[in-house]
Amino acid sequence: MTRTVTVGAAQLGPIARDEPRSSAVARMIALLEEAKAKQCQFVVFPELALTTFFPRWYFEQQADIDAFFEKEMPSAETQPLFDRSRELGVGFYLGFAELADENGKVRHYNTAILVDQNGEIVSRYRKVHLPGHVEHEPWRAFQHLEKRYFEPGVNHFEPVEAFGGRVSLALCNDRRWPEIYREAALRGSEIMLIGYNTPAHYPPAPEHDHLQCFHNHLVMQAGAYQNGMWVVGVAKAGIEEGCSLIGQSCIIAPTGEIVAMCGTLGDELVTYDCDLDRCREIRDNVFNFSLHRRPDMYPLLSFVTK
Ligand code: ING
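Residues numbered from 1 in each chain as written. Predicted model: local features only at pLDDT ≥ 70, side-chain atom pairs only at ≥ 80, totals over all residues. Heavy atoms only, no water.

### Structural notes on the site of the ligand
So, point 1. In the vicinity of the ligand there are 14 residues, among which Glu 146, Cys 172, Asn 173, Arg 176 and Thr 198 approach most closely.
So, point 2. Interatomic distance of 2.8 Å between a side-chain N/O atom of Asn 173 and an oxygen atom of the ligand.
So, point 3. In the shell around the ligand, the residues fall into four nonpolar, five polar and five charged. (Near = heavy atom within 4 Å. Polar contact = N/O pair within 3.5 Å; in protein donor to acceptor, adjacent residues only side chain to side chain. Nonpolar A, V, L, I, M, F, W, Y, C, P; charged D, E, K, R; others polar.)

Now the structure itself:
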């Protein structure tokens with residue numbers, strides 16, 4: 001009996017600045033229904049899937065920034081997504097901007113949650129690697145003010161038991177850092193879920209613009225193969241408020257192979273039957289950590305346990 005879970009990568013096209021959350025929710029419900037018809041146990045939606053990618057603009061007023069954040073989850077606007085998920089028995093990963101109250105202190109996080117087939121939140125992740133800059137930099141074609149609008153999360157990519165496997169969550173820029181896959185894999189994770197919003201233009205190094213899609217897959221395929229885990233990367237794609245966002249959402253096997261990929265820049269679902277036991281093909285062989293890994297030889301990277 002294999003531990004196969006049918007996973008959906010539910011890519012979204014652009015979300016306009018004035019698009020109400022109810023519209024984004026309706027679009028995601030349509031993808032949930034398509035996922036049900038394709039026998040998915042859960043789907044992965046993008047990072048910041050309820051609003052436009054607002055860190056592309058500089059806002060003076062905190063109230064204007066907070067308008068893009070969710071004060072509660074679910075809220076009246078997002079409850080229909082949870083309700084439909086429970087009715088269909090299809091879980092989901094959702095990225096959104098979270099306003100959290102921590103012992104009376106208001107926190108701003110770039111957050112992802114995992115919701116099971118009963119509509120319950122079973123995991124919550126706050127983005128660890130915040131890219132971009134803090135101050136307004138008018139020289140840029142558009143801003144990337146995640147370091148200004150969000151606080152870094154505290155998380156060790158610990159997997160949770162869900163959908164018959166051990167599932168870890170990450171967000172966007174996290175996927176570029178090899179440590180997240182290794183940390184998750186050392187903790188037994190079998191699948192890493194990653195929503196992203198990635199502009200095709202990278203102002204600090206425009207000479208790399210033509211490499212954005214290559215780099216997107218390079219880092220996730222390497223992470224998958226070098227750690228023997230499934231990786232699901234899902235974009236908010238297309239021309240969003242004049243900013244071109246890459247697509248190519250995909251499902252990657254522990255061998256590093258892309259086994260499913262979106263072919264448009266709009267709302268699109270691709271699915272794959274992920275046999276979680278296939279992680280063993282890698283973890284028992286080429287990347288058998290206990291047999292082959294030498295943490296004593298890379299002490300700067302390793303918490304060396306004698
Ligand atoms: N977006 C981008 C990402 O890491 C970026 C930021 C783009 C960094 C290109 C470096 C190069 O995919 C988010 N939201 O992290």
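### Comments concerning the side chain of Ser 189
So, point 1. On the secondary structure map, Ser 189 appears in the loop between helix H5 (179-186) and strand E8 (191-196).
So, point 2. One polar contact links Ser 189 to Ser 168, side chain to side chain, over a distance of 2.8 Å.
So, point 3. Side-chain polar atoms of Ser 189 contact the backbone oxygen of Ile 191, separated by 3.4 Å.
So, point 4. Every residue in contact with Ser 189, bar those within four places of it in the chain, is listed here: Pro 159, Arg 166, Val 167, Ser 168, Ala 184, Met 229 and Arg 283. (Helix = DSSP H or I, 4+ residues; strand = E, 2+ residues; numbered from the N terminus. Contact = heavy atoms within 4.5 Å.)

### Considerations on the packing of helix H1 (residues 21-37) against helix H3 (residues 79-88)
So, point 1. Orientation of H1 relative to H3, taken along the N-to-C sense of each, is 10°, at an axis distance of 10 Å. With respect to their mutual orientation, H1 and H3 come out roughly parallel. Facing H1, whose interface residues are Val 25, Met 28, Ile 29, Leu 32, Glu 33 and Lys 36, H3 presents Pro 80, Leu 81, Arg 84, Ser 85 and Leu 88.
So, point 2. Tallied by class, the residues present in the contact of H1 with H3 amount to seven nonpolar, one polar and three charged. (Axes fitted to C-alpha atoms, helices over the stretch in contact; angles between N-to-C directions. Parallel < 35°, antiparallel > 145°, perpendicular 65-115°, else oblique.)

### As for the pairing of E8
So, point 1. The element E8 is extensively covered by neighbouring structure, given that six of its six residues are classed as buried.
So, point 2. Side chains Ile 191, Leu 193 and Gly 195 project from E8 onto one buried face, and the interleaved Met 192, Ile 194 and Tyr 196 project onto a second face that is buried too.
So, point 3. Note that the unit made of strand E7 (residues 165-171), H5 and E8 has a crossover that is right-handed.
So, point 4. In terms of handedness, the path from E8 via helix H6 (residues 212-227) over to strand E9 (residues 230-235) forms a crossover that is right-handed. (Buried < 20%, exposed > 50% of the residue type's maximum accessible area, 1.4 Å probe, protein only. Right-handed = clockwise from strand over helix to strand, strands pointing away.)

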